[in-house]
Amino acid sequence: EGYRAFTPDSLRPWLASLPALAARLGGSPQQWQISEVGDGNLNLVFLVDGTDGGVCVKQSLPYVRVVGESWPMPLERAWFEYQHAVVAGPHLAGLIPAPLHYDATLFASVVALLRPHRVLRGELLAGQRYPQAASAVAEFVARSAVHTSPLAQPLEAVAGQVAGFAANLALTRVTAELVFADPFEALPRNRWTSPQLDDTVAALRANAPLRAAVAELGHRFLTRREALLHGDLHTGSVMVSADDTRVIDAEFALYGPVGFDTGVFVANLLMAYFAQPGYSDSDAAHSGYADWLLEQVAVFWQHFARRYDALWAAHASGDAWPQRLFADADGQAAFAAGRARRLADIYQDTLGFAGAEIVRRITGFAHNADFERIADPALRARCEQAALALASELLLQPQAFGHIGAVLARAQAQA
Ligand code: ADP
Ligand code: MG
Ligand code: MG
Ligand code: MG
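Parameters and conventions
Residues numbered from 1 in each chain as written. Chains lettered and ligands numbered in written order. Predicted model: local features only at pLDDT ≥ 70, side-chain atom pairs only at ≥ 80, totals over all residues. Heavy atoms only, no water. Phe/Tyr/Trp six-rings, centres within 6.5 Å; stacked < 30°, edge-to-face > 60°. Helix = DSSP H or I, 4+ residues; strand = E, 2+ residues; numbered from the N terminus. Buried < 20%, exposed > 50% of the residue type's maximum accessible area, 1.4 Å probe, protein only. Lys NZ or Arg CZ within 6 Å of the ring centre and 35° of its normal. Domains from an automatic or database assignment. Contact = heavy atoms within 4.5 Å. Buried area = accessible area lost by both parts, 1.4 Å probe. Polar contact = N/O pair within 3.5 Å; in protein donor to acceptor, adjacent residues only side chain to side chain. Nonpolar A, V, L, I, M, F, W, Y, C, P; charged D, E, K, R; others polar. Near = heavy atom within 4 Å. Areas by Shrake-Rupley, 256 points an atom, 1.4 Å probe, with all protein chains shown as cover. Pairing = 2+ DSSP bridges. Donors = N, O, S within 2.8 Å, 3.2 Å for Na, K, Ca; no water. Arc of directions from axis to C-beta. Axes fitted to C-alpha atoms, helices over the stretch in contact; angles between N-to-C directions.

K.L.:
Help me get a handle on the packing of aromatic side chains, residues and values and all.
P.N.:
Applying the stated criterion to the full structure yields 25 aromatic pairs. Ring centres of Trp-301 and Phe-304 lie 5.3 Å apart, and the angle between their planes is 45°; this geometry places the pair in the tilted category. Highlighted residues: Trp-301 and Phe-304, both in helix α11 (residues 289–314), separated by three residues, approximately one helical turn. Taking relative accessible area as the criterion, Trp-301 reaches 9% and is therefore assigned buried. In this structure Phe-304 comes out as buried when scored by relative accessible area, which is 0%. Aromatic ring contacts, followed pair by pair, group Trp-301, Phe-304, Tyr-308, Trp-312, Trp-321, Phe-326, Phe-335 and Tyr-347 into a single cluster. The positively charged end of Arg-339 is found above the aromatic ring belonging to Phe-335, 4.5 Å away from the centroid.

K.L.:
Lay out the domain arrangement of the chain with the relevant residues and their values.
P.N.:
We note that the domain assignment places domain 1 (8–112) and domain 2 (118–414) within the chain. Computed from C-alpha coordinates alone, the two centres of domain 1 and domain 2 are separated by 27 Å. Residue-level contacts link 23 residues of domain 1 with 32 residues of domain 2. At the boundary of domain 1 with domain 2, total buried surface from both sides reaches about 2,200 Å², with 69% on carbon and sulfur atoms. Sorting the residues of domain 1 by area buried against domain 2 places Phe-80, His-84 and Leu-95 first, and these three jointly supply 30% of that buried surface. Where domain 1 packs against domain 2, one counts six residue pairs in polar contact (both at pLDDT 80 or more). At seven residues, the largest contribution of residues to the side of domain 1 that touches domain 2 is made by helix α3 (residues 77–88). When the residues that make up the side of domain 1 that touches domain 2 are grouped by side-chain class, the tally is 14 nonpolar, six polar and three charged.

K.L.:
Please give an account of the site of ligand 1 that cites residues and values.
P.N.:
Around ligand 1 lies a shell of 18 residues, among which Asn-43, Lys-58, Leu-114, Asp-249 and Glu-251 are the nearest. Here Asn-43 contributes a side-chain N or O atom positioned 2.9 Å from an oxygen atom of ligand 1. Within the complex, the protein chains bury 92% of what would otherwise be the 550 Å² of accessible surface of ligand 1. Where the shell around ligand 1 is concerned, the elements lending two or more residues are β2 (44–49), β3 (54–59) and β7 (108–112). Split by residue class, the shell around ligand 1 holds 12 nonpolar, two polar and four charged. Looking at which domains feed residues into the shell around ligand 1, each of domain 1 (8–112) and domain 2 (118–414) gives three or more.

K.L.:
With reference to specific residues and values, describe the pairing of strand β5 (residues 68–72).
P.N.:
Across two bridges, the pairing between strand β4 (residues 63–64) and β5 is antiparallel. By the bridge assignment for β5, Tyr-63 is matched with Pro-72. Connecting β4 to the next strand, β5, in antiparallel fashion are three residues.

K.L.:
Outline the coordination of the magnesium ion (ligand 4), listing residues and values.
P.N.:
Binding of the magnesium ion (ligand 4) to the protein goes through His-367 (ND1) and Glu-372 (OE), at separations of 2.0 to 2.4 Å. Among the residues examined, His-367 registers a relative accessible area of 14% and is labelled buried. When its relative accessible area of 32% is taken as the criterion, Glu-372 is described as partly exposed.

K.L.:
Outline the coordination of the magnesium ion (ligand 3), listing residues and values.
P.N.:
Protein coordination at the magnesium ion (ligand 3): the donors are Asp-249 (OD), Asp-249 (OD) and Glu-251 (OE), at 1.9 to 2.3 Å from the metal. Taken as a pair, the magnesium ion (ligand 3) and the magnesium ion (ligand 2) lie 3.5 Å from each other and share Asp-249 as a ligand. An identical accessibility class is assigned to Asp-249 and Glu-251; each is buried.

K.L.:
Explain helix α8 (residues 198–206) residue by residue, including any values.
P.N.:
Residues of α8 that are buried: Thr-200, Val-201, Leu-204 and Arg-205. Down the axis of α8, the smallest arc covering the buried residues is 135°, so these residues share one side. Across from the buried face of α8, at angles greater than 90 degrees, the exposed residues are Asp-199 and Ala-206. Those residues of α8 that are buried lie in contact with α9 (208–223), α12 (329–363) and α14 (377–396).

K.L.:
Describe the sheet that holds strand β6 (residues 99–103), listing the residues and the values that go with them.
P.N.:
Strand pairs in the sheet, formed through backbone hydrogen bonds, run parallel or antiparallel to each other. Here we have five strands laid out as an open sheet, ordered β1-β2-β3-β7-β6, and antiparallel in their pairing. The sheet is open, and its two edges are formed by β1 (33–36) and β6, each paired on a single side. For this sheet, the mean angle separating the axes of adjacent strands, direction not counted, is 20°. The pairing of β2 with β3 spans six bridges and is classified as antiparallel. Bridged to Asp-49 within β3 is Gly-54. Sheet strands in contact with α3 are β3, β6 and β7, and its direction is about 150° off that of β6.

And the structure:
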């Protein structure tokens, strides 16, 4: 009722009718430069440059953009993305674009335009180094994980948010199916580098312990409501400039296990690494770029672990782990040990979810440009095969990876 998909021509007068946005853009509406850049799977995204400032308008379509009207998708996802910025935003200053406006009829959210930022995945494909990106994304996850959880909030506040995001059903179902089920079924929407990986895919599907490991993670994803997650934290959901990193595209937001966000990000760094033999004639290949990519996995995890521990210790005012019970010296030691156990738990989840994410990106519906851009299918298949080998180990023998260094060593051995 009243919904219409924007075009650059219809967006202009709409923006002009909203005084705060028009003032932010500056000048007259005719001077605003509008381009539609949606490069993702789902939505319309317009970048608007005014004479004074810029905005980014993201609007839901009633179907999956990459597929078309044959795959309908409810419009509400724009609201959940905006709501993520409202709920977690106060704790994420400088790590997400500022939310500016939401329209419930048009299912459109407006956030600050990021300039001169570029999408991290594309930058990694181009062999660029962003030394602060991995720790900034880790900071994003650590702050979200502590501040939106009952470690830092009264249970009533958390319960309200859990209930609100539990309604993000359409995209939660996308994850439940695409990540935790589809790769193990014969479905027309699945694809892989064929015929090179046919046997590998058949072996994955025939492996009941592997199916069970992924199913167990899927159960955890749907039942462990530890904190507000981003829900789609791949390298295409991160925008970077030389000195600034922002996380975008939180439309999959839900309460879930923290290790899902860390695992997806780790998986996407690992896939960038495993894709490197596909780019061996680039300049980056000669300057240790693959090693740098792999190092970012450790930078990410170590920053996350350090900050999660410190933020929890500093903001433990929620109903979980009530601090009045741990004020004495023994209590403090027990609290520190509890934090360490919790991090060990998130670490194990991270390994498993990383494995599941790698499997689904190589054998399921939505693939990564990292591998897709390797034109020679035989070369691409070798890169993907190596990534799948590590993924299987992460899923089947997570206890073999006692610390993040073991993951890096194993990745190097497989590549
Ligand atoms: P989708 O959900 O369809 O994947 P995204 O939120 O990822 O949409 O946005 C798609 C693209 O739009 C991004 O890859 C990026 O290039 C651009 N973009 C998104 N948000 C901003 C922003 N705030 N500033 C500048 N560009 C943006
Ligand atoms: Mg996106
Ligand atoms: Mg998206
Ligand atoms: Mg592929």
